[in-house]
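Next come the chains, spelled out residue by residue.
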Amino acid sequence: MSPEKEPIGVIGVGWVGLVTAACFAELGHEVWARDILPDKVESLRRGEVPIHEPGLPELVTKNAERLHFTTDMAETLERARLLFVCVDTPPTYSGDADLSRVEAVLAELGDSTDHALVMKSTVPVGTGRSIRRRRPGTVYVSNPEFLKEGSAVVDFMKPDRVVIGADAASAEFADRVQALYDRLDAPIVRTDVASAEMIKLASNAFLATKISFINEIANVSEELGADVTEVARGMGLDDRIGPKFLQAGVGFGGSCLPGEETVLARHHGRPALLTFAELWSRLEEDGEEQVEEGVLTPSSLEVLSFLPEQREPVFLPVLCVTRRAYEGDLIEVRTKMGRRVRATPDHPFLVTDADGAPLERVLADRLTTSDWLPLAMKREQAADAARMASILSAADAAGLSPQKLIVRPQAKEIAGLVRLPLEERREVFTRHALVGARTSEVRRTGSLRIDEACLADVDLTGATPATSKSGNRIRNELELSPAFWRIVGLYIAEGCSNEERIFWHFHLRDEEHLVTEVAVYWSRQGIVARASSPGTARKVTVSSRLAAAWWTRVLGLGRTSYDQRLPDLIWDRPDDDKWALLSGLFEGDGSWSRVGGGPSVVIEFGTISDELADGVQRLLGELGIVTSRRVGRTGKSTKDTHWLRISGADQVERAIALVPERERGRVLGSIARQAKRIAPTGYRREGDGSVRVRVARVSRSPYAGPVFSLEVPGAHSFVTSSAIAVSNCFPKDTQALKQLAGNSGYHFQLLTSVIEVNELQKRRTVSKLQKHLGSLVGKQVALLGVAFKPNTDDIREATSLVLSGRLAGEGASVRVYDPVAATKADGLLAGATVADSALDAVDGADAVVLVTEWPEFRELDWAGEVKRRMRAPIVIDGRNFLDREALLEAGFTYEGIGR
């Protein structure tokens with residue numbers, strides 16, 4: 001059978017199975033995908049993809065005719081001989097892999113020797129050998145998956161390697177499996193079954209080793225006063241070690257931001273304000289190297305970061321960018337000035353107080369309204385000295401072939417061309433048989449095609465390109481002057497464009513001066529800007545396909561008010577250019593007004609573009625202006641509007657360039673009458689220029705999708721949406737990797753030591769209880785929290801499971817409470833009683849152990865109701881989560897971790 005026509009069976013249509021089925025269908029194969037859940041199969045038949053994975057729904061829809069979803073194993077066995085086993089193999093409570101689903105597949109296969117089990121499920125080393133020993137006729141091929149959540153489709157279609165393991169008896173089927181991947185042009189690792197199984201587990205174990213090692217070094221570095229970032233950087237430069245996965249965390253594992261949050265990045269020297277999702281896509285398109293666990297290691301990426309010691313933003317190199325799938329709550333942090341940023345609950349924020357105390361790192365879900373956040377304001381920068389931009393750089397973006405793009409060089413260049421010897425002119429005018437006639441035409445019109453100009457090595461300085469001989473011409477060089485940036489600002493506020501034209505729309509009577517300003521500017525660039533009065537507006541139109549392409553594709557402006565944005569070029573321009581752009585923007589879509597009739601004045605600007613609002617707020621910050629931000633929706637609008645406000649007499653004076661020139665005297669005269677200059681509430685500015693804003697509200701909302709993080713050595717921080725500076729958030733999920741290594745039977749002493757340290761912490765909790773209670777026989781201990789972390793019902797490897805077992809072994813009676821996970825853990829808690837509430841759990845307790853930092857536990861009435869219900873007021877705070885001083889004052893015996 002031709003490998004291009006090889007039918008494929010996929011057993012288990014979970015995350016790995018569905019990606020595998022869809023990608024093989026994309027490669028042209030008929031795929032029978034079998035799952036035991038009828039509801040899942042029916043939804044997939046309808047084209048409904050139950051998991052979030054970029055690109056997967058499109059593949060399922062595109063290849064619907066080749067994808068056959070079924071619950072019938074007999075149909076799958078009849079249709080396909082290669083059976084890719086993609087069933088779940090979760091860890092059991094003992095830590096071993098649960099192979100019951102693999103065994104179920106074997107049972108259904110029976111004694112068939114016409115089918116091959118192609119194992120993609122993660123299984124312990126030796127699984128293949130065990131299956132062959134118990135079922136001698138089974139054909140078994142190991143084909144481990146190396147997919148990462150969030151990029152699984154790309155990982156499958158562009159793998160860094162394909163591993164195929166088989167013994168001699170299965171070699172024929174292994175060849176057929178290898179043929180399936182031929183079109184992917186990836187390195188093929190052919191080996192024995194045990195080695196293939198070990199490659200998967202050893203890869204993960206090695207990553208865990210590097211992560212665990214650098215975290216241990218981080219602990220020692222703290223004791224000795226060393227900087228682990230510098231240690232890791234120095235180690236990573238050794239080719240034998242390398243920099244990957246040498247990033248020590250600060251103890252905030254897994255924290256990330258959703259894809260719509262933004263960073264000001266500089267990739268290959270070019271600045272751009274990007275969402276995390278856009279940044280990731282740009283890095284992938286640029287071919288940046290991606291390593292395991294959704295990590296990109298960009299070669300030339302900087303992001304605007306925040307130096308806590310200097311309290312100023314600066315571009316710093318990024319060591320890695322990560323992406324992972326996340327489902328759970330996000331924390332939205334809003335400040336008194338209306339700025340906001342969303343993050344996972346365990347994301348660390350940089351926090352100070354009203355008096356400007358030294359910055360500390362505080363988790364998102366522990367922020368309160370007494371916390372203040374630093375803003376990234378004016379940065380020291382070397383402004384871009386470039387003064388000219390070339391319109392011809394948009395030729396490709398405009399889709400113009402060299403034959404259709406006409407240029408008119410300076411007269412001296414044409415004169416030099418027509419004087420060339422005939423043979424040389426023949427090499428230039430290659431498309432014309434009558435070279436003399438073409439020479440005469442070029443002399444008469446003063447124009448030639450761009451390909452002819454290049455062949456003749458014509459200097460295009462001062463040339464005017466057009467898309468045809470009679471087309472609307474424009475100067476090739478646009479001077480990047482304040483006048484230019486004013487026109488850009490007016491366009492962002494009042495403009496739109498299509499493939500052929502750029503438009504500005506102004507008030508029919510009140511903005512004639514802006515109509516004149518735009519028309520005069522373009523006439524000075526050699527192009528006619530036509531003013532007209534359609535309907536109730538004045539419109540200025542520039543007709544040029546080349547100019548329109550340069551305006552949107554090269555400069556990067558939006559086409560409509562919904563997708564307007566600041567051009568990337570502005571971030572490196574001098575302050576005068578930034579003020580010019582903003583003055584045009586505010587004159588077009590801004591306003592000023594007196595507060596309560598005066599004399600106080602505010603300056604406002606509104607937009608329906610999220611990206612533009614974020615960019616303007618950041619750009620004003622770089623000019624030393626702090627804006628407040630309000631988001632709302634007007635009556636008939638289908639999109640939220642962002643209103644930015646500048647208030648306070650000092651700020652209005654600094655931002656007076658944003659007020660139309662004819663009205664500035666009225667504004668300055670009004671604020672001059674203020675008896676007392678009152679600064680806006682909710683923010684404070686220090687003499688060194690640093691600014692902080694107060695947290696006004698912290699709220700939760702459910703979220704499912706990818707989340708992103710950065711590692712910025714040195715600063716350990718970056719600047720995100722609304723110019724709020726936050727801490728690094730490099731995730732470290734080592735427990736799963738260490739479990740895989742343990743399952744494989746591959747013993748790493750370092751991993752064993754790390755696990756022992758973790759277990760020691762649990763034993764120390766029992767010892768602390770014994771210190772205060774003596775023997776635990778007959779004692780009542782309350783455990784607050786079951787889940788391994790708040791805001792989830794996930795109890796895998798949860799501390800509570802081990803702790804309840806150890807306490808029961810010491811003779812204690814254990815009562816547990818968790819807002820969502822207790823019922824799920826019932827039966828795994830070594831005889832512990834599940835309480836209906838936290839107060840029920842502590843009722844009659846000799847001691848309380850806080851295991852999971854659920855916010856409601858901090859809100860308990862510890863000094864009153866909790867203490868009254870307990871037999872003895874003893875608290876072991878396993879997360880350093882509770883208010884230690886308040887508990888001690890209330891008469892509790894308090895023990896934290898390392899306190």
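Worth saying up front: this structure is predicted, and the values here are computed from it rather than measured.

**Q** Is there a simple way to think about the overall build of the protein in this case?
**A** Counting its regular elements, the protein contains 30 helices and 43 strands. Expressed as a percentage of its 899 residues, the buried residues of the protein come to 53%. As displayed, the protein has an accessible area near 38800 Å², and 50% of this comes from carbon and sulfur atoms.

**Q** How do you make sense of the pairing of strand 10 (residues 262-267) when you look at a structure like this?
**A** Each regular strand carries side chains that alternate between the two faces of the sheet. Burial within strand 10 is extensive, with 6 of its 6 residues counted as buried. Residues of strand 10 alternate between two faces, with T262, L264 and R266 on one and V263, A265 and H267 on the opposite face, all of them buried. Direction of pairing for strand 10 relative to strand 11 (residues 270-275): antiparallel, over a ladder of 6 bridges. Across the sheet, residue R266 finds its bridge partner in strand 11, namely P271. In this antiparallel pair of consecutive strands, strand 10 and strand 11, the connection spans 2 residues, and H268 shows a positive phi of 55 degrees.

**Q** What exactly am I supposed to notice about the nonpolar core here?
**A** Across soluble globular proteins, you tend to see nonpolar side chains buried next to one another. The biggest cluster of nonpolar side chains holds 95 residues, and the ones touching the most others in it are F484, W504, W522, W551, L582 and V616. Broken down by element, this core gets its largest block of residues, 8 residues, from helix 16 (residues 482-494). With sequence-adjacent residues up to four places away left out, L582 is seen in contact with V616, L619, L620, L623 and L658. Counting residues in hydrophobic clusters, the runner-up holds 42 residues, among them V60, L67, C86 and A166.

**Q** Can you walk me through the packing of aromatic side chains in this structure?
**A** For any two aromatic rings, the description comes down to two numbers: the centre-to-centre distance and the angle of the planes. Scanning the entire structure with this criterion turns up 21 aromatic pairs. On the numbers, 6.1 Å between centres and 55 degrees between planes, the contact of W504 with W522 is tilted. Of this pair, W504 sits in strand 27 (residues 501-507) while W522 sits in helix 17 (residues 512-524), and the two are 18 residues apart along the sequence. Judged by relative accessible area, which is 0%, W504 ranks as buried. A network of ring pairs unites the aromatic residues F484, W485, Y491, W504, Y521, W522, W550 and W551 as a single cluster. Of note, R161 hangs over the ring of F146, and the distance from its end group to the ring centre comes to 3.7 Å. For R630, the ring lying beneath its charged end belongs to W643, and the centroid distance is 4.4 Å.

**Q** Looking at this model, I keep getting lost on the sheet that holds strand 39 (residues 813-817). Mind explaining?
**A** Where strands meet in a sheet, backbone hydrogen bonds hold them as pairs that are either parallel or antiparallel. Taken in spatial order, the 6 strands line up as 40-39-38-41-42-43 in an open sheet, and their pairing is parallel. Every interior strand has two partners, whereas the edge strands, strand 40 (833-834) and strand 43 (893-895), have only one. Where strand 42 (residues 874-877) meets strand 43, 3 bridges bridge the pair, whose relative direction is parallel. Residue V875 lies in a different strand from strand 43, and its bridge partner there is Y894.

**Q** Would you mind showing me how to read unusual backbone geometry here?
**A** A negative phi holds for most residues other than glycine; trans holds for most peptide bonds. Here the phi dihedral of D185 falls at roughly 50 degrees; this positive angle occurs in a residue that is not glycine. Tracing the chain through its elements places D185 in the loop between helix 8 (171-180) and strand 8 (188-191). Phi is positive for D457, close to 55 degrees, though the residue is something other than glycine. Secondary-structure assignment places D457 in the loop between helix 15 (450-455) and strand 24 (464-466). Overall, the relative accessible area of 67% leaves D457 in the exposed class.

**Q** Looking at this structure, how should I read the environment of Q770?
**A** Tracing the backbone through its elements, the reader meets Q770 in helix 24 (residues 749-773). Spatially, the C-alpha atoms of Q770 and E810 are 9.7 Å apart, while their sequence positions differ by 40 residues. Setting aside chain neighbours within four positions, we find Q770 in contact with L776 and E810.

**Q** Looking at this structure, I do not really get the pattern of salt bridges. What am I missing?
**A** Pairing of side chains with opposite charge becomes possible as their charged atoms draw close. Overall, the coordinates contain 44 salt bridges when judged by the stated rule. Notably, a salt bridge pairs R34 with E108, separated by 2.7 Å at the nearest N-O pair. Here E108 lies in helix 5 (residues 100-109) and R34 lies in strand 2 (residues 31-34), a separation of 74 residues in the sequence. Taking relative accessible area as the criterion, E108 reaches 35% and is therefore assigned partly exposed. A salt bridge links E622 to K578, with the nearest nitrogen and oxygen atoms 2.8 Å apart. On the criterion of sequence distance, the pair formed by E622 in helix 20 (residues 610-622) and K578 in helix 19 (residues 575-589) is long-range, its members being 44 residues apart.

**Q** Is there a simple way to explain the side chain of H267 in this structure?
**A** Structurally, the position occupied by H267 is in strand 10. In this structure the side chain of H267 is engaged in a polar contact, spanning 3.5 Å, whose partner is the side chain of H268.

**Q** Quick question: what am I supposed to make of the sheet that holds strand 23 (residues 448-449) here?
**A** Pairing within the open sheet is antiparallel, and its 3 strands lie in the order 23-22-24. Two strands in the sheet have a free side with no partner beyond their single neighbour: strand 23 and strand 24.

**Q** What is the right way to look at the side chain of T439 in this model?
**A** With respect to the helices and strands, T439 occurs in helix 14 (residues 435-445). At 2.9 Å, the side chain of T439 forms a polar contact with the side chain of R425. Residues within four places of T439 in sequence aside, it is in contact with V418, R425 and F429.

**Q** Even after reading the chapter, I still don't get the pairing of strand 41 (residues 847-850), so can you show me in this structure?
**A** Of the two faces of strand 41, the one lined by A847 and V849 and the one lined by V848 and L850 are each fully buried. Here 4 bridges tie strand 38 (residues 780-784) to strand 41, and the two strands are oriented parallel to one another. Across the sheet, residue L783 finds its bridge partner in strand 41, namely V849. Note that strand 41 and strand 42 share 3 bridges and pair parallel. Bridge pairing links V849 to I876 in strand 42.

**Q** Honestly, the confidence of the model for the protein in this entry has me stumped. Any pointers?
**A** Detail in the predicted coordinates should be disregarded across regions flagged by low pLDDT. Considering every residue of the protein, the mean pLDDT works out to 81; 82% of them sit at 70 or more. Averaged pLDDT values for the elements of the protein fall to 37 in helix 23 (residues 734-743) and rise to 95 in helix 16. For the stretch residues 245-254, pLDDT sits under 50, and the model shows 37 contacts to residues farther than four places along the chain or on other chains. With pLDDT under 50 throughout, residues 730-761 is counted as low confidence; its partners more than four residues away or in other chains account for 61 contacts.

**Q** I keep staring at the packing of helix 19 against helix 20 and nothing clicks. Help me out?
**A** Each packed pair of helices is defined by two parameters, the angle between the axes and the distance between the axes. The interhelical angle for the contact between helix 19 and helix 20, taken along N-to-C directions, is 135 degrees, at an axis separation of 11 Å. Considered as vectors, helix 19 and helix 20 are oriented oblique to each other. Note that helix 19 runs across helix 20; the crossing there is left-handed. Here helix 19 contributes K578, L582, L585 and F586 to the contact with helix 20, which in turn contributes V616, L619, L620 and E622. When its residues are assigned to classes, the contact of helix 19 with helix 20 shows 6 nonpolar, no polar and 2 charged.

**Q** In this structure, what is going on with helix 17? I would like to understand it.
**A** Taking 1.5 Å as the rise per residue, helix 17 with 13 residues should run 18 Å; its terminal C-alpha atoms sit 18 Å apart, in good agreement. Every buried residue of helix 17 is accounted for by L514, V515, V518, A519, Y521 and W522. The arc that holds every buried residue of helix 17, seen down its axis, measures 160 degrees, which confines them to one face. In the segment just after helix 17, G526 is the residue with positive phi, at about 85 degrees.

About the criteria used
Counting of residues starts from 1 at the beginning of each chain's written sequence and follows it residue by residue. With the structure being a predicted model, the display of local features is reserved for residues of pLDDT at least 70 and the display and counting of side-chain atom pairs for 80 or more, all residues being used for whole-chain, interface and lining totals. Hydrogens and waters are ignored; side-chain quantities use all the structure's heavy atoms. Secondary structure elements follow DSSP: runs of H or I no shorter than four residues count as helices, runs of E no shorter than two count as strands, and numbering proceeds from the N terminus. Each residue is assigned to one of three classes by its accessible area relative to the maximum for its type, calculated with a 1.4 Å probe on protein chains only: buried under 20%, partly exposed between the two thresholds, exposed over 50%. Note on areas: Shrake-Rupley, 1.4 Å probe, and residue coverage restricted to the protein chains presented here. By the convention used here, strands pair only if DSSP detects at least 2 bridges between them. Think of a nonpolar core as a cluster: buried Ala, Val, Leu, Ile, Met, Phe, Trp, Tyr and Cys residues, connected wherever their side-chain atoms sit within 4.5 Å. Here, residues are in contact when the closest pair of their heavy atoms is within 4.5 Å. Only centres within 6.5 Å qualify two rings of Phe, Tyr or Trp (six-membered ring in Trp) as a pair; their planes then separate them into stacked at under 30 degrees, edge-to-face at over 60, and tilted for everything else. For a ring to carry a charge above it, either NZ of a lysine or CZ of an arginine must fall within 6 Å of the ring centroid while also lying within 35 degrees of the normal to the ring plane. Here, a salt bridge means any Lys or Arg side-chain nitrogen found within 4 Å of an Asp or Glu carboxyl oxygen. Definition of a polar contact: a pair of N or O atoms within 3.5 Å, with one able to donate and the other able to accept a hydrogen when the atoms are protein atoms, and with sequence-neighbouring residues admitted only if both atoms are side-chain atoms. Looking at any residue, its pLDDT shows the predictor's confidence there, from 0 to 100. Between the N-to-C directions of two axes lies an angle of 0 to 180 degrees, each axis being a line fitted to C-alpha atoms and, for a helix, fitted only over the stretch in contact. For classification, angles of less than 35 degrees are called roughly parallel, those exceeding 145 degrees roughly antiparallel, those between 65 and 115 degrees roughly perpendicular, and all remaining angles oblique. Two helices that cross are described as forming a left-handed crossing if the nearer one is turned anticlockwise from the farther one by less than a right angle, and a right-handed crossing if clockwise. Note on residue categories: nonpolar means Ala, Val, Leu, Ile, Met, Phe, Trp, Tyr, Cys or Pro, charged means Asp, Glu, Lys or Arg, and polar means any other residue, Gly included. Under the convention used throughout, the expected extent of a helix is 1.5 Å for every residue step, that is, one less than its residue count. Note that the arc is computed from the directions linking the helix axis to the C-beta atoms.

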